[in-house]
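Examination of the molecular architecture
Each chain, letter by letter, is given below.
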Amino acid sequence: MSINPSRARILRQGVDSGGPVVYWMSRDQRVHDNWALIQARELAGASRPLVVVFCLVPSYPGATLRHYDFMLRGLEQTARDLRGLKIPFVLLSGDPAQELPTFCAGIGTGLLLTDFDPLRVKRYWQDAVARALDIPLLQVDAHNVVPAWVASDKQEYAARTLRPKIHRLLPEYLEDFPELEPGATSLDIAPPDWGAARASLGVDEGVGPVDLPSGESPGLQGLVTFLEERLPRYAEQGNDPNAEAVSGLSAYLHFGQLSAQRVALEVARRGHDENAEAFLEQLVVRRELCDNFCLYNPRYDRLAAAPDWAQKTLDEHRDDLRPYLYSSQQFERAETHSALWNAAQRQMVTTGFMHGYMRMFWAKKILEWSASPEQALKIALTLNDRYQLDGRDPNGYVGVLWSMAGIHDRPWKERPVYGKVRYMNENGCRRKFNVQQYIDKYGMI
Ligand code: FO1
């Protein structure tokens with residue numbers, strides 16, 4: 001079975017020598033349900049070797065030991081599963097802009113494929129690799145159900161403008177995945193030395209690993225648990241951080257250990273009720289809106305990316321008296337006056353995860369209690385990237401900018417500091433869930 005051709009696009013034209021096909025895996029770190037790998041396997045056909053390469057960047061911006069530990073545990077499984085399919089896995093280490101072209105030339109690669117990522121670092125790497133090569137470079141969107149460039153060719157205003165486009169395209173793109181066929185012919189490549197890879201890392205060890213199983217199988221297991229135990233309560237309790245009614249799959253989705261399309265297929269297969277509808281809105285429409293934003297707005301992590309009304313209103317309230325003022329260290333150490341805010345910060349620091357509803361409250365209060373909107377944005381993004389397992393994701397940038405700077409939102413009633421950006425307070429939380437229970441659970445850990 002061929003992949004829908006619109007899932008792929010050409011990043012660089014070139015002459016295919018007929019040598020090995022290389023899939024440069026980066027965002028989508030899995031063997032199954034991966035359109036980029038399926039396409040690479042198909043292009044290799046019966047006569048060409050297929051090699052999967054991952055380039056380990058010893059210090060990926062903002063990432064800590066927590067992220068590398070999680071990612072490497074998952075990649076070890078990826079390498080084992082590929083080996084079972086007679087597809088070699090190569091772990092390079094260093095700057096992809098240099099390592100990829102050297103590796104490709106070394107084995108006489110005929111064709112290079114990679115996965116899609118709208119973020120700056122990845123676009124820079126892909127451009128540099130494309131410039132250094134003279135073979136074709138293809139990109140496949142293996143992360144979104146509807147390829148980001150098909151869903152829309154411009155930055156969307158809000159979920160309401162992207163939603164109809166996605167819904168119209170779902171019958172075509174929400175299709176089943178074919179099985180990945182084993183490699184037909186293989187190169188003799190030794191398995192990676194994972195110990196050496198770990199030892200080569202120059203990352204911040206101040207943020208330690210978390211106790212969450214990593215990899216494709218735990219991701220799928222997490223999906224089964226969600227479908228059975230949590231999805232049936234999602235519509236009613238999804239906003240309650242005490243209820244454990246959310247998927248808990250964000251780390252698996254961020255590292256591409258689990259395909260969002262697989263999740264959507266399994267949820268849809270269980271039938272369409274209010275739970276499925278509410279969850280699919282978040283998983284597909286809202287998540288793909290984040291890729292849309294980062295793809296078409298190169299300033300996706302700056303206030304300059306906010307709509308004009310939001311930039312104007314935040315500026316007009318720049319000199320408002322802040323009720324409390326904290327430094328980045330005070331926020332990081334959870335030393336604010338709010339036991340609820342501190343509990344959310346501690347949940348993130350200790351578990352690598354914060355409930356979605358609390359993420360909004362957490363970011364809005366950083367805006368309210370920081371010296372300027374610019375400083376607030378920097379603090380929130382730094383903490384998010386440092387502690388959340390799913391940091392450095394389009395979802396994170398959009399989530400923080402939604403909370404602080406009105407992206408994908410509209411103006412609300414004007415008030416101090418926030419201006420017309422939507423306000424949130426502890427009373428709102430109290431109306432939604434048992435605040436004390438949340439504080440008791442995370443406040444002291
Ligand atoms: N992608 C890579 O290709 N190589 C890496 O070494 C790497 C490290 C890394 C660490 C933390 C993290 O959150 C992401 C990391 N990624 C790496 C990228 C990731 O796969 C995603 O593509 C982006 O973070 C967001 O889309």
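Position numbers for residues start from 1 in each chain and track the written sequence from start to end. pLDDT decides what is reported in this predicted model: residues at 70 or higher carry local features, side-chain atom pairs at 80 or more are listed and counted, and totals for whole chains, interfaces and linings draw on all residues regardless. Computation of side-chain values: all heavy atoms of the structure, hydrogens and water removed.

Turning our attention to the environment of Arg287. Think of it this way: any DSSP run of H or I at least four residues long counts as a helix, any run of E at least two long counts as a strand, and we number them from the N terminus. With respect to the helices, strands and loops of the structure, Arg287 is situated in helix α12 (residues 274–296). Measuring from C-alpha to C-alpha, the distance between Arg287 and Ile366 comes to 23 Å, with 79 residues separating the pair along the chain. The residues touching Arg287, leaving out its near neighbours within four places in the chain, are His143, Asn144, Ala260, Gln282 and Asn395. In this analysis, two residues are considered to be in contact whenever any of their non-hydrogen atoms come within 4.5 Å of each other.

Glancing now at the site of the ligand. In this text, near means that some heavy atom of the residue lies within 4 Å of the molecule or strand in question. Looking at the ligand, there are 19 residues lining it, with Ser26, Val57, Asp117, Lys122 and His254 nearest. We call two N or O atoms a polar contact when they sit within 3.5 Å, provided that within protein one can donate a hydrogen and the other can accept it, with sequence-adjacent residues counted only if both atoms are side-chain atoms. Interatomic distance of 2.7 Å between a side-chain N/O atom of Ser26 and an oxygen atom of the ligand. Between the ligand and Lys122, the relevant distance is 2.5 Å, taken from an oxygen atom to a side-chain nitrogen or oxygen of the residue. The method behind every accessible area is Shrake-Rupley, applied with a 1.4 Å probe, and residues are considered shielded solely by the protein chains displayed. With the chains in place, 100% of the 520 Å² that the ligand exposes on its own is no longer accessible. Here the ligand occupies the largest cavity. Here the shell around the ligand takes three residues from strand β3 (residues 50–56), the largest share from any one element. Each residue gets one of three labels, nonpolar for Ala, Val, Leu, Ile, Met, Phe, Trp, Tyr, Cys and Pro, charged for Asp, Glu, Lys and Arg, and polar for the others, Gly among them. Tallied by class, residues from the shell around the ligand come to ten nonpolar, five polar and four charged. Both cavities and pockets are sets of points on a 1 Å grid over the protein atoms alone; in a cavity a 1.4 Å probe fits but cannot get out, in a pocket the set is open with protein on both sides within 12 Å along at least five of seven lines, and lining residues sit with an atom within 4 Å of a point. Just a note on the criterion: a molecule sits in a pocket or cavity if more than half of its atoms are within 2 Å of the grid points.

This part takes up the sheet that holds strand β6 (residues 137–140). Any two strands with at least two DSSP bridges between them are considered paired. Taken in spatial order, the six strands make up an open sheet running β1-β6-β5-β2-β3-β4, and their pairing is mixed. Whereas interior strands pair on both sides, the edge strands pair on one side only; in this sheet they are β1 (8–12) and β4 (89–93). Geometrically, the sheet is characterised by an average inter-axis angle of 30° between neighbouring strands, direction not taken into account. With four bridges joining them, strand β5 (residues 111–115) and β6 adopt parallel strand pairing. When the sheet's bridge partners are listed, Leu112 is paired in β6 with Leu137. Helix-sheet contacts for helix α1 (residues 35–44) involve β2 (21–25), β3, β5 and β6, and the interaxial angle to β5 is about 165°. Convention adopted: a line fitted to C-alpha atoms gives each axis, helices being fitted over their contacting stretch, and angles between N-to-C directions are expressed from 0 to 180 degrees.

Moving on to helix α16 (residues 356–368). Multiply 1.5 Å by the residue count of a helix minus one, and that product is the helix's expected span. Here α16 contains 13 residues, and its C-alpha end-to-end distance of 19 Å stays within 8% of the 18 Å for a straight helix at 1.5 Å per residue. The cut-offs for exposure are 20% and 50% of the maximum accessible area for each residue type, with area from a 1.4 Å probe on protein chains only; residues under the lower value are buried, those over the upper are exposed, and the others partly exposed. Burial runs high along α16: ten of the 13 residues are buried. Burial in α16 covers these residues: Tyr357, Met358, Phe361, Trp362, Ala363, Lys364, Lys365, Ile366, Leu367 and Glu368.

That is the geometry; function is a separate question.
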